[in-house]
Amino acid sequence: MSTTTDDARGAPATPVFSRKATGLVRLGTPYRMLVANVINIGVTYAAFYFWLVPANFPQSSLVLSVLLVIPFGLAFLTAWALLAILMPRSGGEYVWLSRAVHPSIGFGVSGLTFMSWAFWSGLAGYWVATLVVGPICSVLGATEGSSTLIEIGEKLQTPGLPSWPWAFAVVTALASLLILSRGMSLYYRIQQSMWYIGLATLLLGIGVLLFGSPGDVKSGFNELAAAGGFHGDAARVVENAAQARPSGISFHDTLGMFALFSFAATTSGYIAGEVRTPRRSQLIGAIGGGAVYGGIVLLILLAMIKGVGSFNNDAAWVSINAPAHYPVESSPTFMLWMALLAKSNVVILILTGIGLTIFSVNWAPTVILSASRTVFAWGFDRLLPEPLTRVSRSGSPVIALSSIVAIGIVLISLYANGSFQYVAPYLALIFAWGLVCLVAMVVPFLPTTKALYTGSRADIRVAGIPLITIVGAMGTIFYAIAAYYNLSVEGLGLNTTSNILLTVFSFVVPAVLYFVIKAIRARQGIRLAAVYDELPPD
């Protein structure tokens, strides 16, 4: 169709899209997409699987949980990749749902993911401080008898506004903005370097777990507690308190992993218009990225079972359910166990800490990138002001990027002040991506997408059934289970009234706002609905 529209009086045509080309540069390759997607999930985030799952689902089998959740997560990522192949434009679920279902739905659902990415753009640095750098400084201080390092470790794990974690978060977000503003070529170069260093040192940390023993972990735990002023056998205190933890294995608790396991290997979908080989890049990036991440998580878990044993589950359960009997400042994460086991070799301890920090900090640019492309797509379709779509000489939408970081700093300030809880934004992603999977199931049959889908490179069939329908159904089941647990288990921190209201408002406000903007554009002689009759220009 035409990309212009005329008013009833025959006035000059007004472009439907903000301009004829995005100006974004196609630098994405399959390998770059795979790396970006693994980083976008965040290795740091895996700490919650082995901490909050045993704490809230004490009768879960962690190994079985991970093995069960991976196929469903990969199904979601397959649906995600196929949608990106079908509509290879930057903007993620906004572009797909606005064309397949309705613009208000696309705007509303992308409002949910935008809120999550914006929040995590600040949270990335915050978690690095509280879950990685802080604990390592505390362990190093206890090992070396340095009160200064112990104090630094405490400050890096102490929330508040202002606080050291908050400052770390702001610096990380601003540094990410600087990198992304200079262009994707620079970002990919830095991404690759940090990936190799992070991966090598993560494997070093996994080796520390494999060659460690539960006895060494408990000994280090006691030293850490003593350095913090605790007198007595801290590990024994934890184990005694954990006697109240329910024993045995149940299917209900084993499925609890679905509540937290993140398959956010989705960056390739948000920059789908910036990859050179859409089908190959999306399939390798999304499915391959999810598989690599799942493999890393499973490897960490198996190594932790060997090096930490049942003390991990004891400490996890006690830290949440009987915190008075958990006598250290650092949370019971695999990063802490790595540090405790590496404390006898300061060089390995420091290298492990540097690697985990690099791997974790690298998360910030990917979430900022994802959010910025959503904002860019909104502006390109004229839902937001045109300046948000402007690209610099380096091919970066600097204004869109800057807006994300600004919002992220505001949100992380609220988090530091206690307004949000641990993984609150994940509730928004659960509902957003659950709907994406639901729509993916019917894309081959919808009047709006049937012609586009039939014969496209996304049209892959298994026994005559569209693959996107099969994986869409599996993805819907995945997120339905995740929603059930998160809304019914208070210990996960997502079913608070404030979090639920935030999720509802993040969808409803943009969904309703679409109709307001549509009316405004109509007065300007622009028929906004015409935008959604076609895909945006490249």
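Preceding this paragraph is the structure being described.
Now for a look at the structure at hand. (Residues numbered from 1 in each chain as written. Predicted model: local features only at pLDDT ≥ 70, side-chain atom pairs only at ≥ 80, totals over all residues. Heavy atoms only, no water.)

### A few points about helix H7 (residues 164-181)
Since the α-helix advances by 3.6 residues per turn, residues separated by three or four positions end up pointing in the same direction.
At step 1: The end-to-end C-alpha distance of H7, which contains 18 residues, comes to 26 Å, matching closely the 26 Å that a straight helix rising 1.5 Å per residue would cover.
At step 2: Those residues of H7 that fall on the buried side of the exposure criterion are Pro165, Ala169, Val170, Thr172, Ala173, Ser176, Leu177, Leu180 and Ser181. An end-on view of H7 places all buried positions within 165 degrees of arc, on one side of the element. Facing away from the buried surface of H7 by more than 90 degrees, the exposed residues are Val171 and Leu178.
At step 3: Buried residues along H7 sit against helix H5 (103-144), helix H6 (147-156), helix H8 (184-210), helix H16 (346-361), helix H17 (363-380) and helix H18 (398-416). (Helix = DSSP H or I, 4+ residues; strand = E, 2+ residues; numbered from the N terminus. Expected span 1.5 Å × (residues − 1). Buried < 20%, exposed > 50% of the residue type's maximum accessible area, 1.4 Å probe, protein only. Arc of directions from axis to C-beta. Contact = heavy atoms within 4.5 Å.)

### Quick notes on helix H19 (residues 426-442)
At step 1: Taking 1.5 Å of rise per residue, the 17 residues of H19 would be expected to cover 24 Å, and the 25 Å separating its terminal C-alpha atoms lies within 8% of that figure.
At step 2: Burial analysis of H19 places 12 of its 17 residues in the buried class, which makes it a mostly covered element.
At step 3: Considered for burial, the residues of H19 that qualify are Tyr426, Leu427, Ala428, Leu429, Ile430, Ala432, Trp433, Gly434, Val436, Cys437, Val439 and Ala440.

### Section: the packing of H5 against helix H9 (residues 214-227)
At step 1: Where H5 contacts H9, the axes come no closer than 9 Å and their chain directions differ by 85 degrees. Accordingly, the angle class assigned to the pair H5 and H9 is roughly perpendicular. Residues Ser138, Val139 and Ala142 of H5 lie in contact with H9, whose contacting residues are Glu223, Leu224 and Ala227.
At step 2: Counted by class, the contact of H5 with H9 contains 4 nonpolar, 1 polar and 1 charged residues. (Axes fitted to C-alpha atoms, helices over the stretch in contact; angles between N-to-C directions. Parallel < 35°, antiparallel > 145°, perpendicular 65-115°, else oblique. Nonpolar A, V, L, I, M, F, W, Y, C, P; charged D, E, K, R; others polar.)

### Some thoughts on the nonpolar core
At step 1: Tyr49, Trp120, Trp127, Phe221, Phe334, Trp337 and Trp433 are the most contacted members of the largest nonpolar core, which totals 177 residues.
At step 2: Top contributing element to this core by residue count: H5, with 17 residues.
At step 3: Dropping the residues within four chain positions of it, phenylalanine 221 is found in contact with Ala234, Ala235, Val238, Phe311, Tyr326, Pro327, Val328, Trp337 and Leu340.
At step 4: Ala129, Val133, Cys137 and Leu156 belong to the second-largest nonpolar core, a separate cluster that totals 5 residues. (Core = buried A, V, L, I, M, F, W, Y, C linked by side-chain atoms within 4.5 Å.)

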